[in-house]
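Here are the chains, one letter per residue:
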Amino acid sequence: MNHEKVLVLDFGGQYNQLIARRVRELGVYCDLLPYGMSIEKIREYSPIGIIFTGGPNSVYEAGAPDIDAEIFRLGIPVLGICYGCQLIAHKLGGKVAHADTREYGKSEIEYGESILFADVTKKNICWMSHTDYVSEVPAGFRISAATKTCPAAAFENAEKKIYGIQFHTEVHHTAEGEKILRNFLYGVCGAKGDWTMSNFVEEQVSALKKKLEGKKVLCAMSGGVDSAVAATLVHRAAGENLTCVFVDHGLLRKGEAEEVVSVFRDRLGMNLVKADARELFLEKLKGISDPERKRKIIGEEFIKVFEKEAKEIGAVDFLVQGTIYPDVIESGKGASAVIKSHHNVGGLPSVVDFKEIVEPLRDLFKDEVRKVGTELGLPDSVVQRQPFPGPGLAIRIMGEVTEEKLQTLRDADFIMREEIAKAGLNRDIWQYFAVITSTYTVGVMGDARTYEPVIALRAVTSVDAMTADWARIPYDVLERISSRIINEVPHANRIVYDITSKPPATIEWE
Ligand code: XMP
C-alpha cells in the first residue's frame, strides 16, 4: 500500500481505536501499533506524523509505558494526547504532577495562538479524563491552551513540530476536536489526504486480480456485514472463480436468508451455494434449553454442513475471511494472519482444503467496511446491518427452540425493527431486538383467556458491545411497537422493555 501513513502509538487508553478511526475519517491512513515499536521499525514505517495515545498509567510509575527519546529527533511531527502529552513533558525535561482529584468530563478551555487551533473558536469546550497533569512544560516549549484546573492543557514546540494536548480531540464532546486533529494532519504533517474508500476499492480490486487470477476461491457467507463486503470485493476481482457458501440454519431474522440470495445471487450474479439446513438445526436443537449447549450444537452443525458443501466444491486455492482491523489489533497486534474466533467461521479453515487465506478487509475499521460496501453497491439493509450473534435467534428464545417460537420471534422482531427505523432511531441504537422469554402470563383477547410467553424488547446504545446502556426509546415508539406486536403476531399477549445496562446484564439474554 503506497499511502501516506500516520503512526498511532498505543499506550493503552480506552479511546485509542477512536483516535485511529478519526485520523482515517480525515482521509489519512494510520495504524494503531504498540508503543514499544523500535526506532528502527518506526523509521522503516516512515510515517508523516506520530500520535501518542492516552493510557491508564502515571509516567512516574515503575514499569509505566515508555518511549525512546530518539523519537523526538526523527524530524517527524508528534502529537501527544493525554498520557501521550505527559510523556512528552516527562521525556523532554518538563514536570508532571498528580492532582488530588480526577478531572473527568467537559471543561471550558481557552485556546491561544497555534497552528493546531487555526479556525477553532478560542473559548470552547473540551473533554478531559485525567488525574496527572503537566505542571511545567519542557524548555523550548510554550503553553498554547489552558483550562481552570489544567494550566498546560496544550503546549508545543512548533519549530520541532512537537505538540501535547491534555484533552481528548477524538471524542465528540470536544467541540471542534476534529478540526484540531485535521490541523495536525494537514497543517503540521502536510498530509494530502489520499485515504478514501473509493481508492481502497480500486487498489484492492487490482491487487486481488493479480493475486487471484485463474485461482479457485471460496467464501463462507453468513449474512453479516464483513463477510458480505469481503465476498463482494473479491467477486469484483475473481468473478466466476469465487464460490460463496451460505448455510441457512433457519435462525436468521425475517427476510434475511431471502435477502442474501436476492442480493448476492440475483443482483450481483455471484456463484452462491445455499445449503438449506433449517430442519437439521431444529432437529438438533430439540429439547435443548441450556444456552451454551445451543451455541455448541449450532457451531458444530454449521461446520459440518459447510464441510459437506466444501467437499463438493473440492480443493480451492484461497479461502476468504472477513477479518477486520479491530480483530487484528485485538489478537496479536497486527503481525500475523488472524482467524476470526467468531464461531461461524472459526472452525472453517480446518475443514476446507485450501492453500491460503485472503483477508481483503484486514486494514479496515467497521465504519470503513460499511463505506466500502456502499461503494460496491450493496444496499443499506446489508451494510448497515446491526451486529447479530452467530447462533442467531436460538439465543433469543429462552428454553427450547421451536418453529412456532421462531415464527413469533421473527414477526415481533420485524415489527420492532420497522418501528425503530420509522422513528429514525436505527442509526443511534447499537442493537435492538425482541426476545421470547420462558415466563408465561395470562392475557385476555376478545373474550378469551390467553396464556403465552412474555416477549421482551431489548435496545442498547454502545460503541463496542463491551459496555452498553439501555436505549431511551420514546414512550410513543415503544407503545406503537407493543400494540402492533400484540395485534399482528399470534401468541403475543404481553410485552416488556428491558432497562438494564451492561454490566451487570449482557446485551443478549442468553
Ligand atoms: P453480550 O450478550 O455478551 O453480547 O453482551 C456482546 C455482543 O456479542 C454478540 N454475541 C455473539 N456473537 N456469537 C456471536 O457471534 C455468540 O455466541 C454471541 N453472543 C453474543 C451480541 O449480539 C453483542 O453484539
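Just so it is clear, the structure is predicted and the values come from calculations on it, not from any experiment.

A word on the domain arrangement of the protein chain. Under the domain assignment, the protein chain is made up of domain 1 (5-188), domain 2 (197-383) and domain 3 (402-497). Each of domain 1 and domain 3 has a C-alpha centre, and these two points are 45 Å apart.

Residues in close proximity to the ligand total twelve residues, the closest being Arg295, Gln431, Lys502, Ile507 and Glu508. Here an oxygen atom of the ligand sits 2.7 Å away from a polar atom, N or O, in the main chain of Ile507. Computed on the free molecule, the ligand has an accessible area of 490 Å², of which 75% lies beneath the protein chains in the complex. For the shell around the ligand, a count of residues per class yields five nonpolar, four polar and three charged.

Quick look at the sheet that holds strand β14 (residues 356-358) now. Strand order in the open sheet formed by five strands is β12-β11-β10-β13-β14, with parallel pairing between adjacent strands. Edge positions in the open sheet fall to β12 (271-276) and β14, since each of these has one partner strand only. Averaged over neighbouring strand pairs, the angle between their axes works out to 25° when direction is ignored. The pairing of strand β10 (residues 217-221) with strand β11 (residues 242-248) spans five bridges and is parallel.

Residues Phe52, Ile71, Met221, Ile473 and Ile485 are the most contacted members of the largest nonpolar core, which totals 124 residues. In terms of residue count, helix α6 (residues 225-238) provides more of this core than any other element does, nine residues in total. Sequence-distant contacts of Ile473, defined by excluding residues within four places in its chain, comprise Ile420, Leu425, Ile429, Ala459, Leu478 and Tyr497. Counting 38 residues, the second largest nonpolar core, distinct from the first, contains Ile19, Leu116, Phe167 and Leu181.

All right, on to unusual backbone geometry then. Residues apart from glycine generally show negative phi values, whereas peptide bonds are mostly found in trans. Put simply, Lys502 and Pro503 share a cis peptide bond, and its omega is -15°. A cis geometry characterises the amide bond from Pro503 onward to Pro504, with omega recorded as 10°. When you line up the elements, Pro504 lands in the segment after β18 (495-497). We note that Glu176 has phi near 60°; this positive angle belongs to a residue other than glycine. Position of Glu176 among the secondary structure elements: in the loop between β9 (162-165) and α4 (177-188). A relative accessible area of 23% places Glu176 in the partly exposed class.

Here the focus is helix α7 (residues 256-267). When we look at burial in α7, the residues that qualify are Glu256, Ala257, Val260, Val261, Val263 and Phe264. Buried residues along α7 sit in contact with β10, α6, β11, β12 and α14 (380-383). Gly269 sits one or two residues past α7 and shows a positive phi near 70°.

On to the pattern of salt bridges. Evaluated as defined, the whole model comprises 37 salt bridges. For the salt bridge of Lys95 with Glu136, the shortest nitrogen-to-oxygen distance reads 3.7 Å. Remark: Glu136 occurs in strand β6 (residues 123-136) and Lys95 occurs in strand β5 (residues 95-111); sequence separation between them is 41 residues. For Lys95, a relative accessible area of 44% translates into the label partly exposed. Note on Glu136: relative accessible area 42%, which makes it partly exposed. One network of salt bridges, in which partners are shared, links Glu418, Glu419, Lys422, Arg480, Arg484 and Glu488.

Before going further, it helps to examine the side chain of Ser144. Within the secondary structure, Ser144 is located in strand β7 (residues 142-147). Under the relative-accessibility criterion, Ser144 is labelled buried at 4%. Among residues more than four places away in sequence, those in contact with Ser144 are Glu110, Tyr111, Gly112, Glu113, Ser114, Phe117, Ala154, Phe155 and Glu156.

Topologically, Gly80 is positioned in strand β4 (residues 78-81). Look at Gly80 and you get buried, because its relative accessible area is 0%. The sequence separation of Gly80 and Phe167 amounts to 87 residues, and the corresponding C-alpha distance is 10.0 Å. Excluding anything up to four places from it in sequence, Gly80 contacts Phe52, Cys85, Ile88, Tyr163, Gly164 and Ile165.

Of all seven residues that make up β11, seven are buried, and the element is covered over most of its length. Of the two faces of β11, the one carrying Leu242, Cys244, Phe246 and Asp248 and the one carrying Thr243, Val245 and Val247 are both buried. Regarding topology, α6 serves as the crossover connection from β10 to the parallel β11, and that connection is right-handed. Strand direction decides the pairing type here: β11 and β12, joined by six bridges, are parallel. Residue pairing in the sheet places Cys244 in a bridge with Leu272 of β12. Handedness of the crossover joining β11 and β12 through α7 is recorded here as right-handed.

Here is what the cut-offs are and how they apply
- Residues numbered from 1 in each chain as written.
- Predicted model: local features only at pLDDT ≥ 70, side-chain atom pairs only at ≥ 80, totals over all residues.
- Heavy atoms only, no water.
- Domains from an automatic or database assignment.
- Near = heavy atom within 4 Å.
- Polar contact = N/O pair within 3.5 Å; in protein donor to acceptor, adjacent residues only side chain to side chain.
- Areas by Shrake-Rupley, 256 points an atom, 1.4 Å probe, with all protein chains shown as cover.
- Nonpolar A, V, L, I, M, F, W, Y, C, P; charged D, E, K, R; others polar.
- Pairing = 2+ DSSP bridges.
- Helix = DSSP H or I, 4+ residues; strand = E, 2+ residues; numbered from the N terminus.
- Axes fitted to C-alpha atoms, helices over the stretch in contact; angles between N-to-C directions.
- Core = buried A, V, L, I, M, F, W, Y, C linked by side-chain atoms within 4.5 Å.
- Buried < 20%, exposed > 50% of the residue type's maximum accessible area, 1.4 Å probe, protein only.
- Contact = heavy atoms within 4.5 Å.
- Salt bridge = Lys/Arg side-chain N within 4 Å of Asp/Glu carboxyl O.
- Right-handed = clockwise from strand over helix to strand, strands pointing away.

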